[in-house]
Amino acid sequence: DTRNAWTFVMISPAQNAAVVRWIAENSKRPQAATLLWAHLFEVMRMDTGEILRTREELAERIGVDRDNLSRIMTELASINAVRREKKGRE
């Protein structure tokens, strides 16, 4: 079962630092965005990079509403830190 096995995540320490720096300097919600960025690594399927939580679960975890979570994800997507894929209407 590769979902629980450690595999390589395609981000270097320098890239991670660049994302954190960008969040600190540019995000409209830097504290929530930093919390989300860190949490994404905890809920990522290691063999695919897919985030294994819903928008509602992520929002609850970092203490924001769904709309603000979506705004933060849009910020992260704008710098290619994450890639968003929509399935259906959600």
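All values reported here derive from a predicted model rather than from experimental measurement. (Residues numbered from 1 in each chain as written. Predicted model: local features only at pLDDT ≥ 70, side-chain atom pairs only at ≥ 80, totals over all residues. Heavy atoms only, no water.)

(A) Structural context of the nonpolar core. With 16 residues, the main nonpolar core has Leu-36, Trp-37, Leu-40, Leu-69, Ile-72, Met-73 and Leu-76 as its most contacted residues. Elements with a contribution of two residues or more to this core: helix H1 (13-26), helix H2 (30-42), helix H3 (55-62) and helix H4 (66-78). Ranked by residues supplied to this core, first place goes to H2 with five residues. Setting aside anything within four residues of it in sequence, one finds Leu-69 in contact with Leu-36, Arg-55, Leu-58, Ala-59, Ile-62 and Val-64. (Core = buried A, V, L, I, M, F, W, Y, C linked by side-chain atoms within 4.5 Å. Buried < 20%, exposed > 50% of the residue type's maximum accessible area, 1.4 Å probe, protein only. Helix = DSSP H or I, 4+ residues; strand = E, 2+ residues; numbered from the N terminus. Contact = heavy atoms within 4.5 Å.)

(B) Highlighting the packing of H1 against H2. For the pair H1 and H2, the least separation of the axes is 8 Å and the interaxial angle reads 155 degrees. As the angle between them shows, H1 and H2 are arranged roughly antiparallel. Residues Asn-16, Val-19, Val-20, Ile-23 and Ala-24 of H1 lie in contact with H2, whose contacting residues are Pro-30, Ala-33, Thr-34, Trp-37 and Phe-41. Each residue belonging to the contact of H1 with H2 can be placed in one class, and the counts come to eight nonpolar, two polar and no charged. (Axes fitted to C-alpha atoms, helices over the stretch in contact; angles between N-to-C directions. Parallel < 35°, antiparallel > 145°, perpendicular 65-115°, else oblique. Nonpolar A, V, L, I, M, F, W, Y, C, P; charged D, E, K, R; others polar.)

(C) Up close: the side chain of Ser-70. Topologically, Ser-70 is positioned in helix H4. With relative accessibility at 14%, the residue Ser-70 sits in the buried group. A distance of 2.9 Å separates the side chain of Ser-70 from the side chain of Arg-55, its partner in a polar contact. Apart from the residues within four sequence positions on either side, Ser-70 is in contact with Arg-55 and Arg-84. (Polar contact = N/O pair within 3.5 Å; in protein donor to acceptor, adjacent residues only side chain to side chain.)

(D) Local environment of the environment of Ile-62. Here Ile-62 lies in helix H3. Setting aside anything within four residues of it in sequence, one finds Ile-62 in contact with Ala-32, Leu-35, Leu-36, Leu-69 and Ile-72.

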